[in-house]
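# An overview of the molecular structure
Here is how the chains run, residue by residue.
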Amino acid sequence: MGTGTRQQTAESVRTPTRAAVRIAGLVKTYPASGRRRHGPGLNLLRGAPRTTDVPGAAGVRACDGVTLDVREGEIFGLLGPNGAGKSTVVRQLTGLMRPDSGTVEVLGHDLVRHPERAARILAYLGQESAALDELTVALAAETTGRLRGLDASAARRERDDVLDELGLTALAGRPLRKLSGGQRRLACVASALVGERPLLVLDEPTTGMDPVARRAVWSALERRRAERGATVVLVTHNVMEAETVLDRVAVLDRGRVIACDTPGGLKAMVGGDVRLDLVWRDRAPLDVPQVAALAAHATVSGRRWTLRLAPEEARAAVDAVTAGRAFAALDDFSLATPSLEDVYLALGGSGEGLVKV
Ligand SMILES: Nc1ncnc2c1ncn2[C@@H]1O[C@H](COP(=O)(O)OP(=O)(O)OP(=O)(O)O)[C@@H](O)[C@H]1O
């Protein structure tokens with residue numbers, strides 16, 4: 001499989017040296033009231049205001065003892081369902097939010113004690129990007145470069161290179177607010193990449209993008225890692241991306257890391273099971289005994305049944321549903337090796353599953 005080859009290659013050419021990010025025992029509870037004080041002004045460089053929670057009654061424990069190490073030069077993913085705590089981890093990692101307890105060390109800097117250092121060592125792309133909306137694509141990239149300390153000609157040069165790299169040159173003169181969602185996201189990624197930072201922290205960078213744009217983003221990140229040794233931490237819902245792009249993945253569930261490994265290592269945890277997807281034309285023929293027997297083990301989503309089975313059970317199930325009346329009722333079926341979503345469910349994730357695009 002492509003994933004295996006990709007990992008072997010990455011691991012054989014790179015020997016990660018030291019931790020770029022060390023997060024230990026991170027705890028964050030949002031107050032029940034949701035009242036928050038905002039720090040001074042919106043930070044164009046990092047996209048969102050720093051927040052300080054007002055202590056109050058029991059609230060949402062979004063981060064419940066998160067401990068993670070990210071090695072230099074890694075592309076590291078945080079994966080998990082909505083509300084798992086991914087963005088909360090990222091906001092603390094970038095110094096935008098102060099943890100209730102725990103430590104965050106980035107490239108040797110203690111960002112809990114010195115959050116102001118974050119802007120010099122990392123680029124952050126948040127989920128929201130309203131701060132750049134009034135600027136043109138070119139000006140957003142150039143301004144970010146200037147704010148990150150580039151002189152005018154270097155900022156223009158990097159701007160042009162990044163827009164070209166991401167296929168955005170034709171849109172350079174358009175304000176972000178007049179772009180489609182995917183184009184706007186791509187322009188925000190472009191800005192995040194100007195004014196080289198050793199750590200890139202990206203919260204769902206490819207949301208809304210078409211496959212060409214997504215590929216351009218992944219290539220750009222890979223290039224920065226390969227040529228400049230950049231480290232990338234990103235949040236994603238996209239299981240397919242996670243499997244092919246990331247060196248290691250931490251799976252979060254209800255504020256806790258429930259697993260952390262390479263995609264291959266995680267998938268090995270679910271052993272040799274395979275995944276059988278059955279899609280019925282209309283409804284499943286439950287009067288066929290073999291189909292009725294499978295129903296007990298299926299996760300049903302509309303016309304789709306998903307089953308995790310031992311290989312010999314899967315073979316028997318395929319034989320059963322590709323014969324007689326069951327086959328007449330079948331629209332489509334597929335057999336696949338386990339995905340990260342299977343790992344997540346097998347680990348006891350909250351059952352919603354991950355979003356597959
Ligand atoms: N400002 C806030 N005030 C109160 N609760 C919050 C706040 N932000 C997030 N939460 C809660 O904290 C938990 C974790 O949220 P967080 O945004 O970190 O999850 P996430 O994994 O990034 O989710 P998504 O995939 O939907 O972006 C959720 O239960 C969420 O409702």
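Per chain, residue numbering runs from 1 following the sequence as it is written. Residues qualify for local features only when their pLDDT is at least 70, as the model is predicted, and side-chain atom pairs are given and counted only at 80 or more; totals for whole chains, interfaces and linings, by contrast, use all residues.

In terms of regular secondary structure, the protein is built from 13 helices and 16 strands. The buried share of the protein, taken over its 357 residues, is 39%. Each residue gets a C-beta atom placed from its backbone, and two residues are in contact if those atoms lie within 7 Å. Summarising the internal contacts of the protein: among those between residues at least 6 apart in sequence, 75% fall at separations of at least 24. Helix and strand assignments follow DSSP, with helices taken as H or I runs no shorter than four residues and strands as E runs no shorter than two, numbered in order from the N terminus. Counting other C-beta atoms within 10 Å of a residue's C-beta gives its exposure: the residue is buried at 20 or more, exposed at 12 or fewer, and partly exposed in between, where C-beta atoms are placed from the backbone.

What follows deals with helix 4 (residues 137-147). Those residues of helix 4 not exposed but buried are Val-137, Ala-138, Ala-140, Ala-141, Glu-142, Thr-144 and Gly-145. Where helix 4 is buried, its residues meet helix 5 (152-165) and helix 6 (181-193).

Turning to the environment of Val-257, a few remarks are in order. Position of Val-257 among the secondary structure elements: in strand 12 (residues 256-261). Counting along the chain gives 171 residues from Val-257 to Lys-86, while the straight-line C-alpha distance between them is 9.9 Å.

With that out of the way, let us pick up the site of the ligand. Using the backbone to place each C-beta atom, any residue with that atom within 6 Å of a molecule or strand is considered near it. In the region of the ligand, 12 residues are neighbours, and Tyr-30, Ala-62, Asn-82, Ser-87 and Thr-88 sit closest. Counting residues per element, the ones that place at least two in the shell around the ligand are strand 4 (60-71) and helix 2 (86-93). Top element by residues in the shell around the ligand is helix 2. It accounts for 3 residues.

Here we take up the environment of Leu-68. Among the structural elements, Leu-68 can be located in strand 4. Separated by 45 residues in sequence, Leu-68 and Ile-23 have C-alpha atoms that sit 5.0 Å apart. If near-sequence neighbours (up to four positions away) are discounted, Leu-68 is found in contact with Ile-23, Ala-250, Val-257 and Cys-260.

Below, the discussion takes up the sheet that holds strand 6 (residues 101-106). One open sheet holds the 4 strands; their spatial order is 4-1-6-7, and the pairing between them is antiparallel. Edge positions in the open sheet fall to strand 4 and strand 7 (109-110), since each of these has one partner strand only. Whether two strands pair comes down to DSSP finding at least two bridges between them. Examined bridge by bridge, strand 6 and strand 7 share 2 bridges and lie antiparallel to one another. Note that in strand 7 the partner of Glu-105 across the bridge is Asp-110. Convention adopted: a line fitted to C-alpha atoms gives each axis, helices being fitted over their contacting stretch, and angles between N-to-C directions are expressed from 0 to 180 degrees. The sheet contacts of helix 2 involve strand 1 (19-30), strand 4 and strand 6, and relative to strand 1 the element is tilted by about 120 degrees.

The next subject is the packing of helix 4 against helix 6. Packing of helix 4 against helix 6 brings their axes to within 8 Å, and their N-to-C directions diverge by 25 degrees. Taken together, the axes of helix 4 and helix 6 lie roughly parallel to each other. Every pair of crossing elements has a handedness; the one defined by helix 4 and helix 6 is right-handed. Contacts between helix 4 and helix 6 involve Val-137, Ala-140, Ala-141 and Thr-144 from the former and Ala-187, Ala-190 and Ser-191 from the latter. Of the residues in the contact of helix 4 with helix 6, the class split is 5 nonpolar, 2 polar and no charged. In what follows, roughly perpendicular refers to angles from 65 to 115 degrees, roughly parallel to angles under 35, roughly antiparallel to angles over 145, and oblique to any angle outside these ranges. In this scheme the handedness of a crossing depends on how the near helix is turned from the far one: anticlockwise by less than a right angle means left-handed, clockwise means right-handed. Under the convention adopted here, Pro, Cys and the residues Ala, Val, Leu, Ile, Met, Phe, Trp and Tyr are nonpolar, Asp, Glu, Lys and Arg are charged, and Gly plus all remaining residues are polar.

A word on the sheet that holds strand 9 (residues 199-203). Whether parallel or antiparallel, the strands of a sheet pair through hydrogen bonds between backbone atoms. Strand order in the open sheet formed by 6 strands is 8-9-10-5-11-12, with mixed pairing between adjacent strands. Where the open sheet ends on each side, the last strands, each with one partner, are strand 8 (122-125) and strand 12. On average, each strand axis in the sheet is inclined to that of its neighbour by 15 degrees, with strand direction left out of account. Bridge analysis of strand 8 against strand 9 gives 4 bridges, and the strand direction is parallel. Note that in strand 9 the partner of Ala-123 across the bridge is Leu-200. Each of strand 8 and strand 9 touches helix 6; the most contacted strand, strand 8, lies at about 170 degrees to it.

What follows deals with the confidence of the model for the protein. With 85% of its residues at a pLDDT of at least 70, the protein reaches an overall mean of 85. Throughout residues 1-14 the model reports pLDDT below 50, and contacts reaching past four residues in sequence, or to other chains, amount to 11 contacts. Segment residues 36-54 is flagged for pLDDT under 50; beyond a separation of four residues in sequence, or across chains, it makes 45 contacts in the model. Model confidence for the complex is summarised by a pTM of 0.78, with the ipTM given as 0.98. Known as pLDDT, the predictor's per-residue confidence is scaled from 0 to 100.

This part takes up helix 5. Multiplying 1.5 Å by the residue count of a helix minus one yields the expected span of that helix. When the terminal C-alpha atoms of helix 5 are compared, their 20 Å separation across 14 residues agrees well with the 20 Å that a helix rising 1.5 Å per residue should span. If you check which residues of helix 5 are buried, you get Ala-155, Glu-158, Arg-159, Val-162 and Leu-163. All buried residues of helix 5 lie within an arc of 130 degrees about the axis, which places them on one face of the element. Pointing more than 90 degrees away from the buried face of helix 5 are the exposed residues Ser-153 and Asp-164. Buried positions along helix 5 lie against helix 4 and helix 6. The positive-phi residue at the C-terminal boundary of helix 5 is Gly-167, with phi of around 70 degrees. Working definition: the arc comes from the directions between the helix axis and the C-beta atoms, pointing outward to the latter.

Another point: the pairing of strand 10 (residues 231-236). The element strand 10 is largely enclosed, with a buried count of 6 among its 6 residues. On strand 10, burial covers both faces: Thr-231, Val-233 and Val-235 on one face and Val-232, Leu-234 and Thr-236 on the other are all buried. Judged from the 5 bridges that link them, strand 5 (residues 75-79) and strand 10 form a sheet pairing that is parallel. From the neighbouring strand, Ile-75 faces strand 10, where its bridge partner is Val-232. As paired elements, strand 9 and strand 10 share 5 bridges and run parallel to each other. When the bridges of strand 10 are listed, Val-201 appears paired with Val-233. Assignment of crossover handedness uses the view with strands pointing away from the viewer, where a clockwise path from the first strand over the helix to the second indicates a right-handed crossover. Traced from strand 9 through helix 7 (residues 211-228) to strand 10, the parallel crossover comes out right-handed.

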